[in-house]
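A structural walkthrough
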2 protein chains.
Amino acid sequence: MKPTVMSLKFTLDLKSGVPFYKQIILQVEMAIADGRLATGEQLPTVRGLAVYLKINPNTVARAYNELEIRGIVTTQQGTGTFISTKEITVSDIEREKILIEITRPFIANARAYGFSLKEVAAYLQSLTDVKETNHA
Amino acid sequence: MKPTVMSLKFTLDLKSGVPFYKQIILQVEMAIADGRLATGEQLPTVRGLAVYLKINPNTVARAYNELEIRGIVTTQQGTGTFISTKEITVSDIEREKILIEITRPFIANARAYGFSLKEVAAYLQSLTDVKETNHA
DNA sequence: CCTAGTGTATTAAAGTATTAGTACAATAGA
DNA sequence: TCTATTGTACTAATACTTTAATACACTAGG
């Protein structure tokens, strides 16, 4: 059975200010993350989802395009859009870039509060010690 | 001696596509993170930096405003903009509370990007190793 | 009180992002 | 091949973002 739009429960928050295509991306990513969409499975068609959400097909297509750029889905004109069978792998360099990006403002903030880098690092380290006893 | 624009080496990349005000925010954050700007120190004045970068004062002001919203700087009309000094006279317990408060969203963010706590802690640790060789 | 220096508010121009309308193109299967 | 189904391209309308011009308001020091 083909995955239906309904089974994925797509919704749009019109008041959030978040662009429709970004909301779609987010919901696809979440559906993959919690297993509602498995690798190889077909996404709702561009038109099908567009009709269901009462938006233009191009908006859905844009979401799918960005997901393809990120390597999350594969699209085939005339056939459909599918969850990539490949693992989502960003390069180590890309990954480090992201880590730097999100860490920088945190460190700036911590220092603004009078914490030294060393102190913050030690705290983070102490947290890992705690967590390790819980699970993986 | 008041901190000068020159001593912080502000620059704008006109071709990057990154908004000027975001570039300024980034450079202030980095200056704090690596110790070139300490708590209590004054940032370049809105006008001073605007003239130096050949942009409108409002653009600098916008950067400073966002930094204030993030709690990184404090502005006083007629006086200047300063790196926040929120540290004073809090107990160790209060201090740890603050650290937990500011660390929690950071960890949440990092995990949302697929980084494990261990991984983040290790990265922070690696940063301290570098910085320690420089100064306090 | 005045003045030089500081940040702020208002408005407008230009660029960019977002979405939709419409038409086109590729694929699979009868 | 034919046709229904799939994604795509192009264009334009609208809203948002970014920056600047200009004028205003607060503060410290003489």
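A short tour of the structure in this document, coming up.

What counts, and where the lines are drawn
- Residues numbered from 1 in each chain as written.
- Chains lettered and ligands numbered in written order.
- Predicted model: local features only at pLDDT ≥ 70, side-chain atom pairs only at ≥ 80, totals over all residues.
- Heavy atoms only, no water.
- Near = heavy atom within 4 Å.
- Polar contact = N/O pair within 3.5 Å; in protein donor to acceptor, adjacent residues only side chain to side chain.
- Helix = DSSP H or I, 4+ residues; strand = E, 2+ residues; numbered from the N terminus.
- Nonpolar A, V, L, I, M, F, W, Y, C, P; charged D, E, K, R; others polar.
- Phe/Tyr/Trp six-rings, centres within 6.5 Å; stacked < 30°, edge-to-face > 60°.
- Lys NZ or Arg CZ within 6 Å of the ring centre and 35° of its normal.
- Contact = heavy atoms within 4.5 Å.
- Buried area = accessible area lost by both parts, 1.4 Å probe.
- Salt bridge = Lys/Arg side-chain N within 4 Å of Asp/Glu carboxyl O.
- Core = buried A, V, L, I, M, F, W, Y, C linked by side-chain atoms within 4.5 Å.
- Buried < 20%, exposed > 50% of the residue type's maximum accessible area, 1.4 Å probe, protein only.
- Expected span 1.5 Å × (residues − 1).
- Bend = angle between axes of the 7 residues up to and from the residue.
- Arc of directions from axis to C-beta.

Around DNA strand D sit 26 residues, and of these R47 and N58 of chain A together with F20, Y21 and N58 of chain B come closest. Sugar and phosphate atoms represent 58% of those atoms of DNA strand D found within 4 Å of the protein. Take V46 of chain A: an N or O atom from its main chain is 2.7 Å from a phosphate oxygen of DNA strand D. Here a phosphate oxygen of DNA strand D sits 3.0 Å away from a polar atom, N or O, in the side chain of R62 of chain B. Contributions of two or more residues to the surface near DNA strand D are made by α3 (46-53), α4 (57-69), β1 (73-76) and β2 (80-83) of chain A together with α2 (20-33) and α4 (57-69) of chain B. Among the residues forming the surface near DNA strand D, the class breakdown is five nonpolar, 16 polar and five charged.

The next point concerns the protein's contact with DNA strand C. Close contacts around DNA strand C come from 26 residues, with F20, Y21 and N58 of chain A together with V46 and R47 of chain B the closest. Here, DNA strand C places atoms within 4 Å of the protein, and 57% of those atoms are sugar or phosphate. For the surface near DNA strand C, the secondary-structure elements that each account for two or more residues are α2 (20-33) and α4 of chain A together with α3 (46-53), α4, β1 (73-76) and β2 (80-83) of chain B. For the surface near DNA strand C, the residue count by class is five nonpolar, 16 polar and five charged.

Applying the stated rule across the entire model yields one aromatic pair over all chains. When the ring of F106 of chain A is compared with that of F106 of chain B, the centres are 3.9 Å apart and the planes differ by 0°; the resulting orientation is stacked. One end of the pair, F106 of chain A, is in helix α5 (residues 92-112); the other, F106 of chain B, is in helix α5 (residues 92-112), on a second chain. Positioned above the aromatic ring of Y21 of chain A is the side chain of R62 of chain A, whose terminal nitrogen or guanidinium carbon lies 3.9 Å from the ring centre.

The subject of this paragraph is the interface of chain B and chain A. On the chain A side, the residues contacting the 40 residues of chain B number 31 residues. Taken together, the two surfaces of chain B and chain A that pack against each other cover about 3600 Å², and 72% of this comes from carbon and sulfur. A salt bridge links E119 of chain B to R95 of chain A; its shortest N-O distance comes to 2.4 Å. Counting across the chain B and chain A interface gives two residue pairs in polar contact (both at pLDDT 80 or more). When residues in the side of chain B that touches chain A are grouped by element, the largest group, twelve residues, is from helix α6 (residues 117-132) of chain B.

Turning our attention to the pattern of salt bridges. Residue and element names in this part refer to chain B. Inspection of the entire model under this criterion finds seven salt bridges over all chains. For the salt bridge of E29 with R70, the shortest nitrogen-to-oxygen distance reads 2.8 Å. With E29 in helix α2 and R70 in the loop between α4 and β1, this residue pair connects regions lying 41 residues apart in the sequence. Connected through salt bridges with shared partners, the residues E29, R62, E66 and R70 form a single ionic network.

This part is about the nonpolar core. If you look at the biggest cluster of nonpolar residues, it comprises 25 residues, and the most contacted ones within it are F106, I107, V120 and L124 of chain A together with F106, V120 and L124 of chain B. When residues of this core are traced back to their parent elements, those giving at least two are α5 and α6 (117-132) of chain A together with α5 and α6 of chain B. Not counting residues within four places of it along the chain, the set of residues in contact with V120 of chain A comprises F106, A110 and F115 of chain A together with L99 and L124 of chain B. Residues L8, L37, Y64 and L67 of chain B belong to the second largest nonpolar core, which totals 24 residues.

Let's shift gears to α5 of chain A. All names here are of chain A. When the terminal C-alpha atoms of α5 are compared, their 30 Å separation across 21 residues agrees well with the 30 Å that a helix rising 1.5 Å per residue should span. Along α5, the sharpest kink reaches roughly 25°, centred on T103 and followed within four residues by the proline P105. For α5, the complete set of buried residues consists of L99, I102, T103, R104, F106, I107, A108, N109, A110 and A112. Of the residues flanking the end of α5, it is G114, one or two places downstream, whose phi is positive at about 90°.

Before going further, it helps to examine α4 of chain A. Residue and element names in this part refer to chain A. Between its first and last C-alpha, α4 extends 18 Å over 13 residues, near the 18 Å set by a 1.5 Å rise per residue. Of the positions making up α4, those classed as buried are V60, A63, Y64 and L67. Buried residues along α4 cover an arc of 95° about the axis, so they all sit on one side. In α4, the exposed residues that point more than 90 degrees away from the buried face are N58 and I69. Its side-chain oxygen 2.9 Å from the backbone nitrogen of N58, N56 forms the N-cap of α4.

Turning our eyes to something else, we now look at the side chain of Q27 of chain A. Residues and elements named next belong to chain A. Of note, Q27 is situated in helix α2. A polar contact of 2.5 Å, which involves the side chain of Q27, links it to the backbone oxygen of T11. Setting aside residues up to four positions removed in sequence, Q27 forms contacts with K9, F10 and T11.

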